[in-house]
Amino acid sequence: MSVAGWYSEFAAREARGVSPVYERLSRAVARDDEVLALLETVPPAKRQPHLLFGVVRLLGGPAGDPAAFHDFVLANWPRIEPELGSRATQTNEAGRCALLMPVLATLRQPVALLEVGASAGLCLYPDRYAYRYGDHLVGSGEPVLECAATGMLPPTRRPEVVWRAGLDLNPLDVTDPADVAWLDALIWPDHTHRRDRLRAAAAIAAADPPLLVCGDLVDDLPALAAQAPRGATLVVFHSSVLYQVPSDRRAAFAEVVRALDGHWIANESPETLGYEGLPSAPDGALHNVLALDGTPLAWTRGHGQAIAWFG
Ligand SMILES: C[S@@+](CC[C@H](N)C(=O)[O-])C[C@H]1O[C@@H](n2cnc3c(N)ncnc32)[C@H](O)[C@@H]1O
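Residues numbered from 1 in each chain as written. Predicted model: local features only at pLDDT ≥ 70, side-chain atom pairs only at ≥ 80, totals over all residues. Heavy atoms only, no water.

Undergrad: What is the right way to read the pattern of salt bridges from this model?
TA: On inspection of all chains with the given rule, the structure shows 14 salt bridges. With a closest N to O distance of 2.6 Å, R194 and E93 form a salt bridge. Of this pair, R194 sits in helix α8 (residues 192-207) while E93 sits in the loop between α5 (66-86) and α6 (97-104), and the two are 101 residues apart along the sequence. Given a relative accessible area of 3%, E93 falls into the buried group. In this structure, E146 engages R132 in a salt bridge whose closest nitrogen and oxygen atoms are separated by 2.6 Å. Here E146 is found in strand β4 (residues 144-150), whereas its partner R132 is found in strand β2 (residues 130-133), with 14 residues between them in sequence. Among the residues examined, E146 registers a relative accessible area of 43% and is labelled partly exposed. What you see here is one network of salt bridges that share partners, running through D127, R128, R164 and D208. (Salt bridge = Lys/Arg side-chain N within 4 Å of Asp/Glu carboxyl O. Helix = DSSP H or I, 4+ residues; strand = E, 2+ residues; numbered from the N terminus. Buried < 20%, exposed > 50% of the residue type's maximum accessible area, 1.4 Å probe, protein only.)

Undergrad: Help me understand the sheet that holds strand β5 (residues 161-168), please; the structure alone is not making it clear to me.
TA: Across a sheet, paired strands are connected by hydrogen bonds in the backbone, their directions being either parallel or antiparallel. Taken in spatial order, the 11 strands of this open sheet run β3-β2-β4-β11-β10-β9-β8-β7-β1-β5-β6, and their pairing is mixed. One side of each edge strand has no neighbouring strand; the edge strands of this open sheet are β3 (136-138) and β6 (211-214). On average, each strand axis in the sheet is tilted by 25 degrees relative to the strand beside it, whichever way the strands run. For β2 and β4, the ladder comprises 4 bridges, and the chain directions are parallel. Residue pairing across strands places Y131 opposite L145, the latter belonging to β4. Seen against the sheet, α6 touches β1 (111-116), β2, β3, β4, β7 (233-239), β8 (263-268), β9 (288-292), β10 (295-300) and β11 (306-309) and runs at an angle of roughly 85 degrees to β2. (Pairing = 2+ DSSP bridges. Axes fitted to C-alpha atoms, helices over the stretch in contact; angles between N-to-C directions. Contact = heavy atoms within 4.5 Å.)

Undergrad: I keep staring at the packing of aromatic side chains and nothing clicks. Help me out?
TA: Between two aromatic rings, the relevant description is the distance of the centres plus the angle of the planes. Under the counting rule described, the total for this entry stands at 10 aromatic pairs. Taking 6.2 Å as the distance between ring centres and 15 degrees as the angle between the ring planes, the aromatic pair formed by Y131 and Y133 counts as stacked. Assessed through its relative accessible area of 0%, Y131 is described here as buried. Feature note: the residues Y7, F10, Y22, F53, F69 and W188 constitute an aromatic cluster, connected by ring pairs. Above the face of the W182 ring, R87 is positioned so that its terminal group lies 4.5 Å from the ring centre. (Phe/Tyr/Trp six-rings, centres within 6.5 Å; stacked < 30°, edge-to-face > 60°. Lys NZ or Arg CZ within 6 Å of the ring centre and 35° of its normal.)

Undergrad: Can you help me understand the site of the ligand in this one?
TA: The ligand sits among 21 residues. The nearest are Q90, N92, E93, R96 and D168. Within the side chain of E115, a nitrogen or oxygen atom sits 3.0 Å from a nitrogen atom of the ligand. Look at the ligand: alone it shows 600 Å² of surface, and the protein chains cover 96% of it. Of the residues contributing to the shell around the ligand, the split by class is 6 nonpolar, 10 polar and 5 charged. (Near = heavy atom within 4 Å. Polar contact = N/O pair within 3.5 Å; in protein donor to acceptor, adjacent residues only side chain to side chain. Areas by Shrake-Rupley, 256 points an atom, 1.4 Å probe, with all protein chains shown as cover. Nonpolar A, V, L, I, M, F, W, Y, C, P; charged D, E, K, R; others polar.)

Undergrad: Explanation requested: the side chain of D127 in the structure shown.
TA: Among the secondary structure elements, D127 is positioned in the loop between β1 and β2. According to the relative accessible area criterion, D127 is buried, its value standing at 14%. One polar contact links D127 to R164, side chain to side chain, over a distance of 2.8 Å. Among residues more than four places away in sequence, those in contact with D127 are R158, P159, V161 and R164.

Undergrad: What exactly am I supposed to notice about the environment of I204 here?
TA: Assignment of secondary structure puts I204 in helix α8. Owing to a relative accessible area of 15%, I204 belongs among the buried residues under this scheme. Setting aside chain neighbours within four positions, we find I204 in contact with Y125, R128, Y129, E142 and P143.

Undergrad: Looking at this model, I keep getting lost on empty space enclosed by the protein. Mind explaining?
TA: A probe as big as a water molecule, rolled over the atoms, marks out the empty space that is left. Counted according to the given criterion, the structure contains 1 cavity of 30 Å³ or more. Of the voids in this model, the largest cavity is the one considered here, and its volume is about 40 Å³. Taken together, N92, E93, A94, L122, I187, R194, R197, L198 and A201 make up the full set of residues lining the largest cavity. Split by residue class, the lining of the largest cavity holds 5 nonpolar, 1 polar and 3 charged. (1 Å grid on protein atoms, 1.4 Å probe; cavity = no way out; pocket = protein on both sides within 12 Å on 5 of 7 lines; lining within 4 Å. Points joined across faces, edges and corners; volume = space filled by probe spheres on them.)

Undergrad: Where do I start with the side chain of R194 in this structure?
TA: The class for R194 is buried, based on a relative accessible area of 2%. When near neighbours in sequence (up to four residues on either side) are disregarded, R194 contacts T91, E93, I187, W188 and H303.

Below, the structure written as structure tokens:
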């Protein structure tokens, strides 16, 4: 797909109905020959909307006015290009715990959680957040993670977590202002609720930090998994990570995770794990697939805002 096509697709399938600011901006970039020409000069993986928009916002650029965005990108390209080169999107969305909950509830408790591609580790606290599935509230306190659920009974309790560890090529630290600035820049500009959620989840993580290890999800997973306490159910999980991993490494990862003594929860775009025979998605918006031990179970939305269990 052309770079213009990516930006049009992002507008239509990810931002539409979710972020009017990014829908308008990505449609404008798709028609902006000068910005597209600059993007053509960086490697394909660095041209994606999430990354460009996050870097521009990190550098203090505008997102709400496409003309001002254009001017900022042209004037500041020498600052933007190295940031694109050195960064990957690391959005850490605690809201995705609302998607893990129904599966975690089916597993033998207590659980030892190991997240690959953990970013700052905010998805390692499903036992500390509160959830609202329609009228059904689970847990108490902040943040409250809202999730529109169809085709399933909401979970009735939170998991019992006795160990939490994360693996990431570049772990982020919620107590480091520079890392928090990057996490903040990655939140879409009109998503105040997600910014509030980041603050609340970061406070929880800062008070009881997880074990976060710098490493690769294939090469370094077995050694970290070996540190999990015996007597707890090991759960290796990941969300919105495999699109950043080359396909041969995805296959290697699946082999490594299947060889572990535990369970595997994946919440990833459908093409990354090559599922066959999936039912139709609820609509044309971009959906991930939630799977347990390689079996697909539900369609999910990117920030944890909806889950549609397969019939
Ligand atoms: C989009 S973020 C998602 C973070 C988190 N899973 C969530 O759902 O909020 C993807 C993360 O995967 C990490 N990542 C990408 N490739 C990786 C690899 N080969 N091994 C470990 N982490 C990786 C990135 O550094 C980034 O922090």
